[in-house]
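Geometric and topological summary
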Amino acid sequence: MESKEVIILGGGLAGLTAAIHLLKLDCKVLLFEKNEFPKHKVCGEYISNEVLPYLQSLALNLETLHPKKISKLNFSLVSGKTIKANLPLGGVGVSRFALDYYLYQEVLKRGGKIVQETVSNVVFLEDKFRVTTNNSVFCAKVVLGAFGKRSNLDVVLKRNFISKPSNWLGVKAHYKVNFADDVVGLHHFNGGYCGVSKVETDLVNICYLGNYETFKKYKSITAYQENVVCKNPNLKAIFTDAIIQFETPLTISQISFEPKKSVENKMLMIGDTAGLIHPLCGNGMAMAIHSAKLASESVINFFEGRCSRTEMERQYSKLWRKNFANRIQTGRLLGNLLQKEKLANVVLTIVTTIPFLLPLLIKKTHGRPL
Ligand SMILES: Cc1cc2nc3c(=O)[nH]c(=O)nc-3n(C[C@H](O)[C@H](O)[C@H](O)COP(=O)(O)OP(=O)(O)OC[C@H]3O[C@@H](n4cnc5c(N)ncnc54)[C@H](O)[C@@H]3O)c2cc1C
């Protein structure tokens, strides 16, 4: 492939956004995604408003998807004790089914090429990458890793986090149930937490993250929900009236919040491939989009001769750390705290008693508008 040609591995928010950014700057983009579009994903589907100015600069308009505008947070303890706070920046509720599909269509409209294939290997040799799929080998000067939280490519690349056991489980479905348009609920239960908010279809997304230790005593999602998740009376009230709109809830396991490298095997890693923030922060999607921006800018500097490959890698790693490292660390601390039932109840009771603490925590896990 000639210069200014980029291969992107993975077509989630990070990969699709980077594709759109690089196409705007006259790059040729080839993106591989193993799944077909559109598709539901395990995600709380609350996206922080901090990315809206950047998306507008790429001529992307989320309004066309009719998202719900969310400005309030209801946070509750296992006991049901609730604290309400305004979200400093707010966000929107839009399904990944609609959002990823919108970005996918924009990539195609703007001249990007998307191939539905699983990438099985990527090697860097003699200043270029060779990307292997089941059918072919493709070469490019730059490759972005955008393959999400856990992929066959993490095993191929022997990334450190992949060999460590990880005991988080994610569950999500859409439901018909009464719920305010402008609220995101975040409800603690023993060993996990559950997000509740509306998406553009007027359905309610109920998505939770639970620790495998508490889950394994139960034989099914239904039994776990009844015996653990619904111990929080707020969740019990929601689940009692909720009518599921999926055949069964979607689940993912082995979710890892371990540190990862933002540059690996000469590839700039974006989105969850570089590091996953605890979903309770409601900021993973915004970070995926933000990291796509930072990586695309670094790639353009390289293509236009303003830096060498090594400088591009260094610049991106530095920017990544500056923008995301503290947020991820705060999220990790909060996530670990929620696993310790007694301590969590003491700390969260303090948070619910001192009203300014919750907005402060929200600020610590979010960025400024891009
Ligand atoms: C339970 C849960 C709830 C969450 N809730 C929220 C929330 O409310 N708000 C928020 O902002 N964030 C939330 N997040 C985080 C958010 O979902 C992620 O941060 C976001 O999806 C990251 O996007 P991404 O593009 O990096 O990864 P993904 O969207 O996962 O995209 C990666 C893509 O790569 C593809 N892929 C992988 N391997 C290959 C391969 N070998 N070849 C080809 N394609 C490949 C995959 O199919 C996938 O489509 C939540 C996360 C979890 C686990």
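All values derive from a computational prediction rather than experimental measurement.

1. Some words on the overall build of the protein
On a plain count of helices and strands, the protein comes out with eleven helices and 18 strands. The C-alpha atoms of the protein give 20 Å as radius of gyration, which agrees with the globular expectation for 370 residues (21 Å, within 12%). With the C-alpha coordinates of the protein rotated into their principal frame, the extents come out at 60 × 40 × 40 Å. Taking all 370 residues of the protein together, the buried fraction comes to 57%. A fraction of 72% describes how many contacts in the protein between residues 6 or more apart in sequence connect residues 24 or more apart.

2. Examining the site of the ligand
Neighbouring residues of the ligand: 37 residues in total, closest Glu33, Gly44, Tyr46, Arg96 and Asp272. Measuring from a nitrogen atom of the ligand, one finds a side-chain N or O atom of Asn152 at 2.8 Å. Between the ligand and Gly284, the relevant distance is 3.2 Å, taken from an oxygen atom to a main-chain nitrogen or oxygen of the residue. For the ligand, whose unbound accessible area comes to 1000 Å², protein coverage reaches 95%. Where the shell around the ligand is concerned, the elements lending two or more residues are helix H1 (13-24), helix H4 (152-156) and helix H8 (284-303). Take the shell around the ligand: its biggest share by element is three residues, from H8. Split by residue class, the shell around the ligand holds 16 nonpolar, 13 polar and eight charged.

3. With respect to the pattern of salt bridges
As enumerated under the stated definition, the model contains 22 salt bridges in all. Residue Glu304 pairs with Lys4 through a salt bridge whose shortest N-O separation is 3.7 Å. Of this pair, Glu304 sits in the loop between H8 and helix H9 (309-339) while Lys4 sits in the segment before strand E1 (5-9), and the two are 300 residues apart along the sequence. Classification of Lys4 as partly exposed rests on a relative accessible area of 23%.

4. Things to note about the UniProt feature "domain: Squalene epoxidase" (unreviewed entry) in the protein
Look at the UniProt record and you will see "domain: Squalene epoxidase" (unreviewed entry) annotated at residues 233-301. End-to-end, the C-alpha atoms of residues 233-301 are 53 Å apart, and along that stretch the chain is 39% helix and 19% strand.

5. As for the sheet that holds strand E2 (residues 28-32)
Within a sheet, adjacent strands bond to each other through the backbone by hydrogen bonds, running parallel or antiparallel. Read across the open sheet, the six strands follow the order E6-E2-E1-E10-E18-E17; overall the sheet is mixed. Two strands in the sheet have a free side with no partner beyond their single neighbour: strand E6 (113-115) and strand E17 (263-264). Here E17 runs beside strand E18 (residues 267-269); their pairing, made up of two bridges, is antiparallel. Among the inter-strand pairings, Val263 is bridged to a residue of E18, identified as Leu268. Set on the sheet, H9 makes contact with E17 and E18; between it and E18 the angle comes to about 10°.

6. Examining the packing of aromatic side chains
One pass over the structure, following the stated rule, counts 14 aromatic pairs. Summarising the aromatic geometry, the rings of Tyr101 and Tyr104 are spaced 5.7 Å apart at their centres and angled 20° between planes, so their arrangement reads as stacked. Pair noted here: Tyr101 and Tyr104 are both in helix H3 (residues 96-109), with a separation of three residues, about one helical turn. Relative to Phe257, the ring of Trp168 has its centre 6.0 Å away and its plane inclined at 85°; by these criteria the two rings are edge-to-face. Residue Trp168 is located in strand E11 (residues 168-176), and its partner Phe257 is located in the loop between strand E16 (250-255) and E17; the two are separated by 89 residues in the primary sequence. Here Trp168 matches Phe257 in class, with each residue buried.

7. A short note on the state of the cysteines
Applying the stated criterion across every chain yields a total of zero disulfides. Free cysteine Cys139: the closest other cysteine sulfur is in Cys27, separated by 18 Å. Of all cysteine sulfurs, the one in Cys207 lies closest to Cys194, which takes part in no disulfide; the gap is 7.4 Å. On the accessibility criterion, Cys194 (0% relative accessible area) is buried.

8. So, the nonpolar core
Generally speaking, soluble globular proteins have nonpolar side chains that are buried together. Judged by nonpolar contacts, the single largest core of 100 residues is most densely connected at Ile8, Leu9, Leu22, Leu144, Ile270 and Val299. Broken down by element, the residue count for this core peaks at twelve residues, all from H8. Contact partners of Leu9, with chain neighbours within four places excluded, come to Phe32, Val119, Val122, Val131, Val143, Leu144, Gly145, Ala146, Phe147, Leu153 and Met267. Formed by 24 residues, the second largest nonpolar core is a distinct cluster that contains Val177, Val196, Val204 and Val229.

The rules behind the values
- Residues numbered from 1 in each chain as written.
- Predicted model: local features only at pLDDT ≥ 70, side-chain atom pairs only at ≥ 80, totals over all residues.
- Heavy atoms only, no water.
- Helix = DSSP H or I, 4+ residues; strand = E, 2+ residues; numbered from the N terminus.
- Rg over C-alpha atoms; globule rule 2.2 N^0.38 Å.
- Buried < 20%, exposed > 50% of the residue type's maximum accessible area, 1.4 Å probe, protein only.
- Contact = heavy atoms within 4.5 Å.
- Near = heavy atom within 4 Å.
- Polar contact = N/O pair within 3.5 Å; in protein donor to acceptor, adjacent residues only side chain to side chain.
- Areas by Shrake-Rupley, 256 points an atom, 1.4 Å probe, with all protein chains shown as cover.
- Nonpolar A, V, L, I, M, F, W, Y, C, P; charged D, E, K, R; others polar.
- Salt bridge = Lys/Arg side-chain N within 4 Å of Asp/Glu carboxyl O.
- UniProt positions renumbered as here; feature names shortened; annotations may be inferred.
- Pairing = 2+ DSSP bridges.
- Axes fitted to C-alpha atoms, helices over the stretch in contact; angles between N-to-C directions.
- Phe/Tyr/Trp six-rings, centres within 6.5 Å; stacked < 30°, edge-to-face > 60°.
- Disulfide = S-S within 2.5 Å.
- Core = buried A, V, L, I, M, F, W, Y, C linked by side-chain atoms within 4.5 Å.

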